[in-house]
2 protein chains.
Amino acid sequence: MASEMKKVGFIGTGVMGGSMAGHLKDGGYEVHIYTRTKSKAEELIAGGMIWHNAPAGLARECDVIITMVGYPSDVEEIYFGGDGLIAAAKPGAYLIDMTTSSPALAVRIYEAAKARGLHALDAPVSGGDVGARNAALSIMAGGDKAAFDAVYPIFERMGKQILLQGAAGAGQHTKMANQIAIASNMVGVCEALIYAKNAGLDLDGVLQSISTGAAGSWSLSNLAPRMIAGNFEPGFYVKHFIKDMGIALDSAQKMGIELPGLALARDLYMRIADAGLADKGTHALYLAWD
Amino acid sequence: MASEMKKVGFIGTGVMGGSMAGHLKDGGYEVHIYTRTKSKAEELIAGGMIWHNAPAGLARECDVIITMVGYPSDVEEIYFGGDGLIAAAKPGAYLIDMTTSSPALAVRIYEAAKARGLHALDAPVSGGDVGARNAALSIMAGGDKAAFDAVYPIFERMGKQILLQGAAGAGQHTKMANQIAIASNMVGVCEALIYAKNAGLDLDGVLQSISTGAAGSWSLSNLAPRMIAGNFEPGFYVKHFIKDMGIALDSAQKMGIELPGLALARDLYMRIADAGLADKGTHALYLAWD
């Protein structure tokens, strides 16, 4: 590892970010973290990470800063807020947003960073908590090739499928394509089970017949059994998926394309969120038919 | 094989049925076939199958009769027409409809067959032309367990995943669940690619990033590359898929359940059929956005 890449900041050490930061620590990086309340970081601090009480303080120490937060509004504040990364980062630093966020915001960050002599990449991931824990994430990056190459060893500590998809925003666009494919498929998986249930079939038997053929999918194999078992714990939160679908629909509208399947999926998810299921896993969509 | 199961009739020796009948012939069965025009059966006759010029003639010779035709209306005519199987089959014969058809019609066939001392099963398949050719179909059966067990050796010549899903109609209902899962997923796969294309991404790169994770599916792995390549040959016909979705929506309505994802998928498919793509493969849905 190049010596100037030794200090990595990680903002957003939740379920996924915590695992990812841990892999960097294990890889020999000096890992700096910021959390609003220090108590939430106790475990990571005990593991040797260095805590800061503000993003700017972390930024002043680090060569590379990774953000992995909840919503585009959080990203915007961390990068552009009064005490934000764009203003506070050291010249030549690398800023990597791994949050699933808006492609347009990724472009804004890239341009603002460039104007200050910083290197920004958007690099959202898929693979969920399990992928984060096993350092098996798919990392979809957008930005300059030189910056991507420079931080590639860091990506390698966290992911398996690591691809530069294009210029700034391309990582976020790729993640949107991922979420779009998932959205309608979740509707199909739920409707298939609801149909089978109402037809009086044994749902385990149905899954056995249909999972390995042309109807097969990750969701059918991994989430349908949880739907049948009535286990709706996350996994991936309904509220975050709704955020992602909103970003995708927004981007699609700007491009002038209609995505009726995605629009329908978002409506169904908003219905279950309104019914109090926002903090359940995405497979709780099954309950929309209850 | 029990001696009384030696003679098998096969009605509907198209792309899939032809392969399936061939496996029975290879398995030592005496295979009888019916086609409207003899010339269409020349190859199968040359291979040792016995041709009949009417379903009734075939029925009078066979212990087991398999039907694998296009539409429920074809099934209805072959079973209930003036010269149909219900009237013409030998007492104790087994009638197996492997067409993807209406669950309600499967129940009607079962009851009419039973009243005449015949055994009827519905046993639609998934796996397409490749599954038929490789004797690797998923066979989803409905009917009496004794009848299922009796013809199991015949199913084994054609399929790998062979399950009795319940009483008469349960095979068709299971196949409907299969088609319902496929329908919305096809919408999601198309929308993901359309989005990515409009975002200016390299579609092969996007597939590399998203195919192996939570967005992964048989359709994404097998059909998305054909969409990208602009190859819309069937595979599985748009017109047949529209038929299947119509049956599923009809059944769902009778059950009093709403399947908005399936309804949307059917509308999109009808749009491309109206545009002249009914005889293309189901992945031609991609062209709905052109």
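Residues numbered from 1 in each chain as written. Chains lettered and ligands numbered in written order. Predicted model: local features only at pLDDT ≥ 70, side-chain atom pairs only at ≥ 80, totals over all residues. Heavy atoms only, no water.

So, the interface of chain A and chain B
Listed as interface residues are 54 residues of chain A and, on the opposing side, 54 residues of chain B. Across the contact surface, chain A and chain B share 20 residue pairs in polar contact (both at pLDDT 80 or more). Among the elements that make up the side of chain A that touches chain B, the one with the highest residue count is helix H9 (residues 170-198) of chain A (19 residues). (Contact = heavy atoms within 4.5 Å. Polar contact = N/O pair within 3.5 Å; in protein donor to acceptor, adjacent residues only side chain to side chain. Helix = DSSP H or I, 4+ residues; strand = E, 2+ residues; numbered from the N terminus.)

Things to note about the UniProt feature "active site" (unreviewed entry) in chain A
All names here are of chain A. Using the residue numbers shown here, the UniProt feature "active site" (unreviewed entry) corresponds to Lys 175. Mapped onto the secondary structure, Lys 175 falls in helix H9. Not counting chain neighbours up to four residues away, the residues in contact with Lys 175 comprise Thr 100, Pro 124, Val 125, Ser 126 and Met 140. (UniProt positions renumbered as here; feature names shortened; annotations may be inferred.)

With respect to the pattern of salt bridges
Taken as a whole, this structure holds 19 salt bridges over all chains when the rule is applied. A single salt-bridge network, built from bridges that share partners, covers A:Lys6, A:Lys7, A:Glu30 and A:Glu61. (Salt bridge = Lys/Arg side-chain N within 4 Å of Asp/Glu carboxyl O.)

As for the packing of aromatic side chains
The tally for this structure, following the rule as stated, stands at 10 aromatic pairs over all chains. Both rings, one in A:Phe241 and one in A:Tyr269, keep their centres 5.1 Å apart while their planes meet at 90°; by these two values the pair is edge-to-face. Residue A:Phe241 is found in helix H13 (residues 238-255), and its partner A:Tyr269 is found in helix H14 (residues 260-277); the two are separated by 28 residues along the sequence. The interplanar angle of 40° and the centroid separation of 5.9 Å between the aromatic rings of B:Phe148 and B:Phe155 together place this pair among those described as tilted. Owing to a relative accessible area of 7%, B:Phe148 belongs among the buried residues under this scheme. The buried category is assigned to B:Phe155, whose relative accessible area is 0%. Grouped by ring-pair contacts, the aromatic residues A:Phe148, A:Tyr152 and A:Phe155 constitute a single cluster. Cation over ring: B:Arg108 sits above B:Phe80, and NZ or CZ is 4.7 Å from the ring centre. Sitting over the ring of B:Tyr71, B:Lys243 keeps its end group 5.9 Å from the ring centre. (Phe/Tyr/Trp six-rings, centres within 6.5 Å; stacked < 30°, edge-to-face > 60°. Buried < 20%, exposed > 50% of the residue type's maximum accessible area, 1.4 Å probe, protein only. Lys NZ or Arg CZ within 6 Å of the ring centre and 35° of its normal.)

Let's talk about the packing of helix H10 (residues 203-210) of chain A against helix H9 (residues 170-198) of chain B
Each pair of packed helices can be described by the angle between their axes along with the distance between the axes. One way to put it is that H10(A) packs onto H9(B) with a least axis distance of 10 Å and a crossing angle of 65°. The handedness of the crossing between H10(A) and H9(B) is right-handed. Only B:Thr174, B:Ala177 and B:Asn178 of H9(B) make contact with H10(A), whose side of the interface consists of A:Val206, A:Ser209 and A:Ile210. Considered class by class, the residues forming the contact of H10(A) with H9(B) number 3 nonpolar, 3 polar and no charged. (Axes fitted to C-alpha atoms, helices over the stretch in contact; angles between N-to-C directions. Left-handed = near helix turned anticlockwise from the far one by under 90°. Nonpolar A, V, L, I, M, F, W, Y, C, P; charged D, E, K, R; others polar.)

What about empty space enclosed by the protein?
Residues and elements named next belong to chain A. Taken as a whole and assessed by the stated rule, the structure comprises 3 cavities of 30 Å³ or more. Every residue lining the largest cavity is listed: Tyr 79, Leu 95, Asp 97, Ala 106, Ile 109, Tyr 110, Ala 120, Leu 121, Asp 122 and Ala 168. Put simply, the parts of the chain that give the lining of the largest cavity at least two residues each are strand S5 (94-97), helix H6 (103-115) and strand S6 (119-122). For the lining of the largest cavity, the residue count by class is 8 nonpolar, no polar and 2 charged. (1 Å grid on protein atoms, 1.4 Å probe; cavity = no way out; pocket = protein on both sides within 12 Å on 5 of 7 lines; lining within 4 Å. Points joined across faces, edges and corners; volume = space filled by probe spheres on them.)

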